Amino acid sequence: MARITAGVASSHVPALGVASDFDKTEEAYWKPAFAGYEWTREWEKEQKPDVVILVYNDHASAFDMKIIPTFAIGCSEEYKPADEGWGPRQVPVVKGHPDLAWHIAQSCILDEFDMTIINEMDVDHGLTVPLTMMFGKVPEWPCRVVPVAVNVVTYPPPSGNRCWALGEAIARAVESFPEDLNVQIWGTGGMSHQLQGPRAGLINKEWDNRFLDRLEGDTQELRYIPHIEYLRETGSEGIEMVMWLIMRGALNDKVKQAHRFYHVPASNTAVGHLILENA
Ligand SMILES: [Fe+2]
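Residues numbered from 1 in each chain as written. Predicted model: local features only at pLDDT ≥ 70, side-chain atom pairs only at ≥ 80, totals over all residues. Heavy atoms only, no water.

Caption draft 1: Looking closely at the environment of W102. Relative to the assigned elements, W102 resides in helix α4 (residues 98–110). The class of W102 is partly exposed, set by a relative accessible area of 41%. The spacing of W102 and I117 is 15 residues in sequence and 8.4 Å in space, taken between C-alpha atoms. Ignoring anything within four residues of it in the chain, the contact list for W102 reads C75, I117 and N119. (Helix = DSSP H or I, 4+ residues; strand = E, 2+ residues; numbered from the N terminus. Buried < 20%, exposed > 50% of the residue type's maximum accessible area, 1.4 Å probe, protein only. Contact = heavy atoms within 4.5 Å.)

The following block contains the structure:
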C-alpha cells in the first residue's frame, strides 16, 4: 500500500529560485539560506520518495480573479513551469501521478472535501522553488508530484482547521491506494512576510519559531489560529502558513523532527524549513 513517510515544510521564496537558476547560491547573501537545505538534499537521496504531494499556492499564474479554487488537485501527466513575467524557470517539467491524484480526488470528495480537479496547469515558484531547495539543480526531478493548490491569495482563504482536516483526508486517501509507494507531503509558503504597504518587510522571528515548535509539539492549538493573527503577527503573506497545516494534518499524531532551519533574510522573507518523520 502507499504510505506517507514524512512531511516537509518550506518557504517558497521566488528569489531563492532565481539564485539557484543564475548560480548565485555561493554568494555571501544566499549561501546561508541554501546551507540550511544541504542536510535535506542528502536526506532526500536516501529517502527516495516515489511521489510528493506538494501543497502550495499559485500566485496568479494558473488562476486569476476569473477562477479561485479554495482547494485544487492536479491530476495531469505533467506540469510545465509557468511564465511569471520573465519567461519560465529553466527547471525540469514536473511529472504528475494521475492514478494517485485521481484516487486522492475521489477519496477526498467522497470524504466531503470538494476538491477542484485540474487537468491542465502551469506551476509557478510556489511549487518549483521547493523542488529546487530539496533536490538542487537536477536534469529531472527525482519523483512524481501531485500538486495541491490552496487559495491563500484572495480573501477568504480556508481556515487552519479546515486545512488540517484536509490533511487528514489526504492521509486516508493515500493509505487506501493499493500501489506500494513512498509518499511525502510538503507544505510550502511563509514564513512571516509582507510584500506591500507600510509594513512591507515585516518579519516576526519569535512567532515563526513558536509556530515551528508547535508543529512538532502542541499541534492542536495550531488548528485554531485565526486569520487575523497570521495577518497581524506575520504580515499579509504569512497566511501561507495554513498550508503547512495540511502537511501536519496528514502526518501521525506522533512525529520525529529530523531537521529544522530558520533564516532571515531571503529577499524580504523569513525562510523556515522543517522535516517531520512519521513516528
Ligand atoms: Fe507564496
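On we go from here.
Caption draft 2: View of the pairing of strand β1 (residues 3–10). Most of β1 is tucked away, with six of its eight residues classed as buried. Sheet topology note: the β1/strand β8 (residues 182–188) ladder contains seven bridges and is parallel. Paired with R3 across the two strands is N182, which belongs to β8. Pairing of β1 with strand β10 (residues 269–278), which is carried by five bridges, proceeds in the antiparallel orientation. The partner of G7 across the bridge, within β10, is L276. (Pairing = 2+ DSSP bridges.)

Caption draft 3: Here's a closer look at the coordination of the iron ion. Bound to the iron ion on the protein side are H12 (NE2), H59 (NE2) and E240 (OE), at distances that span 2.0 to 2.1 Å. The sequence pattern formed by the donor residues of the iron ion is H-x46-H-x180-E. Of this pair, H12 sits in the loop between β1 and α1 (14–21) while H59 sits in the loop between β2 (51–56) and β3 (71–74), and the two are 47 residues apart along the sequence. When its relative accessible area of 3% is taken as the criterion, H12 is described as buried. (Donors = N, O, S within 2.8 Å, 3.2 Å for Na, K, Ca; no water.)

Caption draft 4: Highlighting the pairing of β2. Taken across its six residues, β2 has six buried, putting it largely inside the fold. In β2, alternate side chains face the same way, and those of V51, I53 and V55 on one face and V52, L54 and Y56 on the other are all buried. Note that β2 and β8 share five bridges and pair parallel. If you follow I53 over to β8, its bridge partner there is I185.

Caption draft 5: Region of interest: the pattern of salt bridges. A complete count under the given rule lists 11 salt bridges for this structure. Across the pair D23 and K137 runs a salt bridge, and its minimum N-O distance is 2.7 Å. Here D23, found in the loop between α1 and α2 (31–35), pairs with K137, found in the loop between α5 (125–135) and β7 (144–150); they are 114 residues apart in sequence, far enough to count as distant. Note on accessibility: D23 and K137 belong to one class, exposed. The partner of R214 in a salt bridge is E221, with the nearest N and O atoms 2.5 Å apart. (Salt bridge = Lys/Arg side-chain N within 4 Å of Asp/Glu carboxyl O.)

Caption draft 6: Structural detail: helix α8 (residues 227–234). Turning to α8, its buried residues are H227, Y230 and T234. Down the axis of α8, the sector holding all buried residues measures 80°, keeping them to one side. Contacts from the buried residues of α8 go to α7 (205–216) and α9 (242–249). Looking one or two places after α8, you find G235, whose phi comes out positive at around 85°. (Arc of directions from axis to C-beta.)

Caption draft 7: View of the side chain of H97. Summarising the element assignment, H97 is placed in the loop between β5 (94–95) and α4. On the accessibility criterion, H97 (11% relative accessible area) is buried. Polar side-chain contacts of H97 include one of 3.1 Å to the backbone nitrogen of L100. Beyond its immediate stretch of four places on either side in the chain, H97 contacts V51, S76, R144, V145, V146, F177, E179 and L181. (Polar contact = N/O pair within 3.5 Å; in protein donor to acceptor, adjacent residues only side chain to side chain.)

Caption draft 8: A look at the state of the cysteines. Applying the stated criterion across every chain yields a total of zero disulfides. Between C108, a free cysteine, and C75, which holds the nearest cysteine sulfur, the sulfur-to-sulfur gap is 10 Å. The cysteine C163 is free of any disulfide, with C108 supplying the nearest cysteine sulfur at 12 Å. A relative accessible area of 0% means that C163 is categorised as buried. (Disulfide = S-S within 2.5 Å.)

Caption draft 9: Up close: the packing of aromatic side chains. A complete count under the given rule lists eight aromatic pairs for this structure. Their ring planes at 20° and their centres at 6.2 Å tell us that W39 and W43 sit as a pair that is stacked. Taken together, the positions of W39 and W43, both in helix α3 (residues 38–47) and four residues apart, correspond to about one turn of that helix. Members of the aromatic cluster, joined through ring pairs, are W207, F211, Y230 and W244. (Phe/Tyr/Trp six-rings, centres within 6.5 Å; stacked < 30°, edge-to-face > 60°.)

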